[in-house]
Protein chains: 2
Amino acid sequence: MEIVEVGPRDGLQNEDGLVPTRTKVELVQRAVAAGLRRIEATSFVHPGRVPQMADAEQVMAAVPRVDGVSYSGLVLNERGLDRALDAGVDEVNYVVVATETFSQRNQGAPVEEVLARWERVAARAHAAGVRPTATLAVAFGCPFEGEVRAEGVATLVDRIAAAGPVEISLADTIGVGVPSQVTERVGRLREDHPEIAARCHFHNTRNTGYANAVAAVEAGVSALDASIGGLGGCPFAPAATGNVATEDLTYLLTGLGVLHGLDQELLAEAGTWTGTWLGAQVPALLGRAGTFPAVSAVR
Amino acid sequence: MEIVEVGPRDGLQNEDGLVPTRTKVELVQRAVAAGLRRIEATSFVHPGRVPQMADAEQVMAAVPRVDGVSYSGLVLNERGLDRALDAGVDEVNYVVVATETFSQRNQGAPVEEVLARWERVAARAHAAGVRPTATLAVAFGCPFEGEVRAEGVATLVDRIAAAGPVEISLADTIGVGVPSQVTERVGRLREDHPEIAARCHFHNTRNTGYANAVAAVEAGVSALDASIGGLGGCPFAPAATGNVATEDLTYLLTGLGVLHGLDQELLAEAGTWTGTWLGAQVPALLGRAGTFPAVSAVR
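Residues numbered from 1 in each chain as written. Chains lettered and ligands numbered in written order. Predicted model: local features only at pLDDT ≥ 70, side-chain atom pairs only at ≥ 80, totals over all residues. Heavy atoms only, no water.

1. What about the packing of helix H2 (residues 21–33) of chain B against helix H11 (residues 264–278) of chain B?
Residue and element names in this part refer to chain B. The N-to-C vectors of H2 and H11 enclose an angle of 165°; their axes lie 9 Å apart at closest approach. Judged by the inter-axis angle, H2 sits roughly antiparallel to H11. The chirality of how H2 crosses H11 is left-handed. Within the contact between the two elements, H2 uses Thr23, Glu26, Leu27, Arg30 and Ala33 and H11 uses Leu266, Glu269, Ala270, Trp273, Thr274 and Trp277. (Axes fitted to C-alpha atoms, helices over the stretch in contact; angles between N-to-C directions. Helix = DSSP H or I, 4+ residues; strand = E, 2+ residues; numbered from the N terminus. Parallel < 35°, antiparallel > 145°, perpendicular 65-115°, else oblique. Left-handed = near helix turned anticlockwise from the far one by under 90°. Contact = heavy atoms within 4.5 Å.)

2. Considering the sheet that holds strand E6 (residues 167–172) of chain A
Each strand in a sheet pairs with another by means of backbone hydrogen bonds, the pair being arranged parallel or else antiparallel. All names here are of chain A. Read around the barrel, eight strands follow the order E1-E2-E3-E4-E5-E6-E7-E8 and close on themselves; strand pairing throughout is parallel. Sheet twist, expressed as the mean angle between neighbouring strand axes with direction ignored, is 25°. The sheet contact formed by strand E5 (residues 131–137) and E6 spans four bridges and is parallel. Looking at the pairing, alanine 134 lines up with isoleucine 168 of E6. (Pairing = 2+ DSSP bridges.)

3. Description of the interface of chain B and chain A
Across the boundary between the two partners, chain B contributes 38 residues, which contact 38 residues of chain A. In terms of surface lost to chain A, no three residues of chain B exceed B:Arg206, B:Asn207 and B:Phe292, which account for 22% of the buried area on that side. Where chain B meets chain A, there are zero salt bridges. For the side of chain B that touches chain A, the secondary structure elements donating two or more residues are helix H8 (179–192), helix H9 (209–219), helix H10 (246–256) and helix H12 (286–289) of chain B. Take the side of chain B that touches chain A: its biggest share by element is five residues, from H10(B). Classifying every residue of the side of chain B that touches chain A gives 20 nonpolar, 13 polar and five charged. (Buried area = accessible area lost by both parts, 1.4 Å probe. Salt bridge = Lys/Arg side-chain N within 4 Å of Asp/Glu carboxyl O. Nonpolar A, V, L, I, M, F, W, Y, C, P; charged D, E, K, R; others polar.)

4. Some words on the relation of the copies chain B and chain A
Once chain B is rotated about the relating axis by 180° and shifted along it by 0.0 Å, it coincides with chain A to within an RMSD of 0.0 Å. Overall, the copies show the geometry of a two-fold rotation axis. Considering only C-alpha atoms, the part of chain B nearest the rotation axis is B:Ala211, at 2.0 Å. (Least-squares fit on C-alpha atoms with pLDDT ≥ 70 in both.)

5. Re the environment of A:Ala62
Residue and element names in this part refer to chain A. Here alanine 62 shows up in helix H3 (residues 56–62). What makes alanine 62 partly exposed here is its relative accessible area of 38%. Residues alanine 62 and threonine 21, spaced 41 residues apart in sequence, show a C-alpha to C-alpha distance of 8.9 Å. (Buried < 20%, exposed > 50% of the residue type's maximum accessible area, 1.4 Å probe, protein only.)

Here it is, written out as structure tokens:
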């Protein structure tokens, strides 16, 4: 199972205080040291909209270039793609939103326009030798429109797939999904598009994130997003906790006998370190509770 | 699915400050108002060992006696049973510990002696018209002895079952278990003793508690323990969070289409109220994040 570390991007983008570039780079360095091989390092969006990501180029210039480590940058349009390509990313992650209201607020454009942009972004990324991945946001529920139906998700996935991404991620952006929905939606994605890798992105806003991760593994994803410390909120649910934590997800996968190649102790340390410069206790629990020495691979 | 509210007992027993009896009773009242029908109200243990539970008789005298609401008291020996019967409990919950070291520390007796006591407790409870249930503690791992093997659990379950309890609960006392272990251990319990109801007790110490709850539901438990607010620590892991939270578990089960009869909004309110008198943010997330209006029963 590939874990994609999204702490430097999704984990930090809603932090009020600007995090110094060197701290972001250290977060990436710690992730690499703990064994992470896919890292969403930053977001190439308008600095006026997301000031925390204004140093995207500086972050990418400073991250350790290690064999086998792939850096991804989030992009929302061709301007972002230009910047990501110039900065030397290995992957671009493009976001499509499953509902019109959220699409207008997040992307400033209707879903149709976002899909049209995606075709061009995907084609240009392929041409540049950079892997295009796509994330379908609010794929399990929308803070404005409520329930998001599986049928609608499948239709949007078909449209996204038509542009030929190497991977499609279903994101529970506001942390409302439950395992049965994951089983259904990921199952459909795998069935309809077996040639495209499946990934999921869960927030633990209502304590369903780790159960959802288990369901996603069982449904056949090859990658899961997570953030060190469990950082990351949602601008529309300020009190909510963030992404599933890389260290806690790793503990869970280890217990399940799912290979991941990560070092739990280093991750737990990195999570605790993150709390020190954020000045807050991180949502991750492994750093507090400690790893358990004798969990065996029972699956 | 029956949810057993254990907040008044397991949720509070490790709190440093003594919680007033009237606050405990209000916690029970709020649980009943939210639809809970099984409540572990207190523990009849030596007040010198667990001062927080010294008011067991007063709590039982004050809880609302509502048709269909069953109160349980935790007991460790016949002296506790005497007190529980005098106090008018509907169920007694007896604890057997899966490892010798934890048994000595928690019960002050070896496992064999604890099992011998259990036979007498179960027989006397049945004779008194009170339902005996048994909990096997550290059934997924022990802070002193590490891994606890499924085979050992099954052997102890056989011994416990021989005394004729109405229900056996497998407890992950220190929150180290993972879903595959739950599937295996609960599956074995159901297979070996189909005439005895199965229950599970999970702590969310390492963020595996809710995923474990899903696995337990799928493996055929008829009841799950939970505590309002997610209260409850473990004396051997002080920084760890507590039981799975009643409100968050309810959110999850609702999404899965599992009937439970509980009112999410009242539970979330009760969890937030609990945080006010504890002077701390409770581990439960639903009170912070809010319920999501449009989760449908998709299973």
